[in-house]
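Residue-level structure breakdown
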Amino acid sequence: MQSVFTVIGVAGSGGSGPGDDDGAAANVRTAVLTLQLTPRGDREDGLDQQQIEAQLRDRLATLPGVRVKVGQGGSGASYQLTLAGDDAETLERHAAQLERELRTLPGLGAVSSTASVARPELRVRPDFARAGDLGVTSAAIAETLRVATMGDYAQSLAKLNLSERQVPVMVRLSDAAREDLATIRRLPVPGARGPVPLEHVAALDFGSGPSEIRRQDRQRTITVDVEANGRPLGDIEREVLALPSLKQLPRGVTLGALGDAEEMGEMASGFGMAMLTGVLCIYMVLALLLNNFVQPLTILIALVLSVPGAMLALFLAGSTLSMPSMIGLIMLMGVATKNSILLIDYIVIARRDHGLGRLEAIVDACRKRARPIVMTTIAMGAGMLPVALGYVGDPSFRSPMAIVVIGGLITSTFLSLLVIPVVYSLVDDLLLRVKRIGRSKRDPAADPAAEPVDWAQPATSSTSATPGTPAP
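Remember, predicted model here, so these are calculated numbers, not experimental data.

Some details on helix α1 (residues 49–60)
Compared with the 16 Å implied by 1.5 Å per residue over 12 residues, the 16 Å span of α1 between its first and last C-alpha is a close match. Within α1, burial applies to I52, E53 and R57. Along the axis of α1, the buried residues cluster in a sector spanning 145 degrees; they form a single face. Residues of α1 that are exposed and point more than 90 degrees away from the buried face comprise D58 and R59.

What to know about the packing of helix α10 (residues 295–317) against helix α11 (residues 323–353)
In the contact formed by α10 and α11, the axes pass within 8 Å of each other and the chain directions differ by 140 degrees. Considered as vectors, α10 and α11 are oriented oblique to each other. Here α10 and α11 pass one another in a crossing that is right-handed. Together, T298, I299, A302, L303, S306, A310, M311 and L314 of α10 and S325, L329, L332, M333, A336, T337, S340, I341 and I344 of α11 make up the contact between the two elements. Its residues assigned to classes, the contact of α10 with α11 comprises 12 nonpolar, 5 polar and no charged.

Quick word on the nonpolar core
Core analysis: the largest hydrophobic core is formed by 21 residues, its most contacted members being L81, L83, L98, L102 and V240. Those elements that place two or more of their residues in this core are β3 (78–85), α2 (88–102), β12 (219–227) and α7 (233–241). Ranked by residues supplied to this core, first place goes to α2 with 4 residues. Excluding residues that lie within four positions of it along the chain, V240 makes contacts with Y79, L81, L102, L105 and L246. Among the nonpolar cores identified, the runner-up in size contains 20 residues, and I299, L305, L343 and A350 belong to it.

Re the pattern of salt bridges
In total, this model carries 14 salt bridges according to the counting rule given. In this structure, the salt-bridge partner of R103 is E99, at a minimum N-O distance of 3.3 Å. A relative accessible area of 13% places E99 in the buried class. D353 is paired through a salt bridge with R352; the nearest N and O atoms lie 3.2 Å apart. Comparing D353 with R352, the two get one shared label, exposed. Put simply, R351, R358, D428 and D429 are held in one network by salt bridges that share partners.

Some remarks on the side chain of S340
With respect to the helices and strands, the residue S340 is situated in helix α11. You can call S340 buried: its relative accessible area is 0%. Apart from residues lying up to four places away in sequence, S340 is in contact with T298, I299, A302 and I420.

Here is what the cut-offs are and how they apply
Residues numbered from 1 in each chain as written. Predicted model: local features only at pLDDT ≥ 70, side-chain atom pairs only at ≥ 80, totals over all residues. Heavy atoms only, no water. Helix = DSSP H or I, 4+ residues; strand = E, 2+ residues; numbered from the N terminus. Expected span 1.5 Å × (residues − 1). Buried < 20%, exposed > 50% of the residue type's maximum accessible area, 1.4 Å probe, protein only. Arc of directions from axis to C-beta. Axes fitted to C-alpha atoms, helices over the stretch in contact; angles between N-to-C directions. Parallel < 35°, antiparallel > 145°, perpendicular 65-115°, else oblique. Left-handed = near helix turned anticlockwise from the far one by under 90°. Contact = heavy atoms within 4.5 Å. Nonpolar A, V, L, I, M, F, W, Y, C, P; charged D, E, K, R; others polar. Core = buried A, V, L, I, M, F, W, Y, C linked by side-chain atoms within 4.5 Å. Salt bridge = Lys/Arg side-chain N within 4 Å of Asp/Glu carboxyl O.

The structure is reproduced here in structure tokens:
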């Protein structure tokens, strides 16, 4: 470790704490430690960040009554799922059962949930019928208790004007009075016909309950967080969904995915849309350049040829299909398409401008375009090799991207020189057949299939005339 930065007391969001300029109440029961690691090459044990996090989890697991989360920074991927329901007791009981089952899964990090620990609290149960008769609203009861126990909002406090600054003056009950139930019961609450003692409109007692209640879509929710500990989120999701507590959910309790798993699903759909948009744009540009709507499909076959190599490279390297690898697929799409364009464009130019036959043009294009295609692959692979080996930047993010590009380029390069010419020939035969059928429908007499032609004999022309008919 190079340094440890500790923050005790994390501000909440939208609280009602008095004296805070931002209006957020500080939670002194929470601490955040930010650890700055030494460079990986300077560590004597050679541990990576994931291994250090695993050691921290083991050391901190012995602390009683503490919820610990390790690795919420750059590499701290986690799997989150949320349980939602209207019955608070059933929801909390099932969430506790789910936590116990998750801790039995091997290879996972710490398991925590947003179910708040029960804390002492003052419980107020208004008597709405009595309060209605006395003209006391629930808002007035809440306002009276808040000012008496916590003080007013910072912007509503009276100010003591000094020569150079203002000092806010906060009035509230003393610590001893806030713990005295009899004193709280005698607090005056404003009503329609004058102040009313609090005990006349509400029942008060001390008890325990959750300090925070989370809701989503108006349903009470509890989110369970599982630290991935370097494991793929897809494998974790399959194991988690196979747990008995999730296969048999109680009535009224629903399940949903959050966090990295939800982002992974959204990213997959967004990646599919981006890939489809890119393919359509490439197709439209190629259709304009080649003045043909069918042959651009031959070029796009190179995209299909690059995917098996990319997936095989990820498998051999032990990586998973993640956001960096998807970015690498988009990069690979451009390079593979460029190699196919080099080949098809030369074939079209050779047939159109130099009068070569189809077979001669294909052979000549493969012979002359193989060198630039292979040079591009070597240059791109050599540039990506240090990234794939983890010598540049963060290997956990950049390495899968480079592995996808290298594997896809290798397969697309060799398969393009073999498959693309064959596909071009098949597509060209299909176009000739379609044109022949179109001409035969317009002029049946011009159908070449109606008169067999011996292509081995040279074409000859002969004229004949019947008696009394002028020769053509």
